[in-house]
Amino acid sequence: MKFLWTPSSHFNLANLFTFVNISAGLIATYFITQNNFILAIILAWIGGAFDIFDGKIARKYKLSNDFGIQLDSFADFLSFVLVPVFLIFQASYASSLHGFWLIIAAIVSIYYVISGLRRLIHFNLNADAGEVENYFTGVPTPLGAILLWLTYLLNSYHILPAIGVILFMAVIGWTLNSKLKVKHP
């Protein structure tokens, strides 16, 4: 079991937590295809909890390494970019938009995915294993996902129409790569 506490191990404890995040995101995607949005959201939040703990474990036990940084960003891309966009597309857009507005929704969804991917790649290029900045430049993808979940809730309770969701998704996508300063928790 020494591999759990070895920084160079791809299967150290911090990375195992990241693998749980990835698994939760993959299973959430399946449940979205089944229109079981509640279970998908629960799994996404479980993935988010494991995302918090993987970083804390990596720093506390000095398990950070370049593999873990890349793995964590892959997990973030899946759980905090693809899953919420897919959920919104399936739950909000596909059921209420048609023709022109569905095409616009698809374009904005792709824009959000590319923005999230760009943010994560940029973060990785500037990240040092074990280092934590006081502030993020731009909205981090987990916070972007929370904002998308809130947008989804506003839509599901008929407070925000699907066209409003498109606008919110575009704005949140823009904030991912903005110059906004967001304090690191």
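A. The arrangement of the overall build of the chain in detail. Broken down by element type, the chain carries six helices and two strands. Here the C-alpha radius of gyration of the chain, 17 Å, is about what a compact globule of 185 residues would show, namely 16 Å. With respect to the principal axes defined by its C-alpha atoms, the chain has extents near 55 × 35 × 20 Å. With 185 residues in all, the chain has 45% of them scored as buried. Considering only contacts within the chain whose residues lie at least 6 apart along the sequence, 78% involve residues at least 24 apart. Carbon and sulfur atoms make up 71% of the accessible area of the chain, which amounts to about 10100 Å² in all. Charged side chains in the chain number 10 positive and 8 negative. The centres of these two groups are separated by 5 Å.

B. Here's a closer look at the nonpolar core. In this structure, Tyr-93, Tyr-112 and Met-169 are the most contacted members of the largest nonpolar core, which totals 37 residues. No other element matches helix H3 (residues 66-96), which puts nine residues into this core. Look past the residues within four positions of Met-169 in its chain and what remains in contact with it is Val-85, Ile-88, Tyr-93, Val-108, Ser-109, Tyr-112 and Leu-148.

C. How the structure looks around the confidence of the model for the chain. Scored by pLDDT, the chain comes out at a mean of 92, with 97% of its residues at no less than 70. When mean pLDDT is compared element by element in the chain, helix H6 (residues 162-176) scores highest at 98, while strand E1 (residues 135-137) scores lowest at 85.

D. The arrangement of the packing of aromatic side chains in detail. Inspection of every chain in the model, using the stated rule, returns seven aromatic pairs. A ring pair is formed by Trp-5 and Tyr-61, whose centres lie 5.1 Å apart and whose planes are at 70°; its orientation type is edge-to-face. Here Tyr-61 lies in the loop between helix H2 (37-60) and H3 and Trp-5 lies in the segment before helix H1 (13-33), a separation of 56 residues in the sequence. In this arrangement the basic side chain of Lys-183 is found over the ring face of Tyr-135, its NZ or CZ atom lying 5.5 Å from the centre.

E. Representation of unusual backbone geometry in the model. The backbone of Asn-35 shows a phi angle near 60°, a positive value even though the residue is not glycine. Assignment of secondary structure puts Asn-35 in the loop between H1 and H2. Classification of Asn-35 as partly exposed rests on a relative accessible area of 45%.

F. Structural view of the packing of helix H4 (residues 99-125) against H6. Look at H4 against H6: their axes get within 9 Å of each other, and the N-to-C directions meet at 20°. In terms of axis orientation, H4 runs roughly parallel to H6. Our pair here, H4 against H6, has a crossing hand that is left-handed. On H6, the residues that touch Trp-101, Ile-104, Ala-105, Val-108, Ser-109, Tyr-111, Tyr-112, Ser-115, Gly-116 and Arg-119 of H4 are Ile-163, Ile-166, Met-169, Ala-170, Ile-172, Gly-173, Trp-174 and Leu-176.

About the cut-offs
- Residue indices begin from 1 for each chain and proceed along its sequence in written order.
- Reporting of local features is limited, given that this is a predicted model, to residues whose pLDDT is at least 70; pairs of side-chain atoms are given and counted only at 80 or more, and all residues count toward the totals for whole chains, interfaces and linings.
- The basis for every side-chain value is the complete set of non-hydrogen atoms in the structure, without hydrogens or water.
- Secondary structure counts use DSSP, requiring at least four H or I residues in a row for a helix and at least two E residues in a row for a strand, with both numbered from the N terminus.
- The atom set for the radius of gyration is the C-alpha atoms, and the globule formula is 2.2 Å times the number of residues raised to the power 0.38.
- Here the term buried applies to any residue with accessible area under 20% of the maximum for its type, exposed to any over 50%, and partly exposed to those in between, with areas from a 1.4 Å probe on protein chains only.
- Whether two residues are in contact is decided by their heavy atoms: any pair within 4.5 Å suffices.
- Per-residue and other accessible areas follow the Shrake-Rupley method at a 1.4 Å probe size, with only the shown protein chains counted as cover for residues.
- The positive count covers Lys and Arg only, the negative count covers Asp and Glu only, and His and the chain ends enter neither.
- Taken as the charge centre is NZ of Lys, CZ of Arg, CG of Asp or CD of Glu, depending on the residue.
- Grouping buried Ala, Val, Leu, Ile, Met, Phe, Trp, Tyr and Cys residues that are joined through side-chain atoms within 4.5 Å yields what is termed a nonpolar core.
- As a per-residue quantity, pLDDT reports the predictor's confidence and falls between 0 and 100.
- Between the rings of Phe, Tyr and Trp (Trp by its six-membered ring), a pair exists once the centres lie within 6.5 Å; its type follows the angle of the planes, with under 30 degrees stacked, over 60 edge-to-face, and the other angles tilted.
- Geometrically, a charge over a ring is one whose NZ (Lys) or CZ (Arg) sits within 6 Å of the ring centre while staying within 35 degrees of the ring normal.
- For helices, the fitted line uses only the C-alpha atoms of the stretch in contact; every axis is such a line through C-alpha atoms, and the angle between N-to-C directions lies from 0 to 180 degrees.
- Any angle that is under 35 degrees is reported as roughly parallel, and any over 145 degrees as roughly antiparallel; angles of 65 to 115 degrees are reported as roughly perpendicular and all others as oblique.
- Here a crossing is taken to be left-handed if its near helix is turned anticlockwise relative to the far helix by less than a right angle, and right-handed if that turn runs clockwise.

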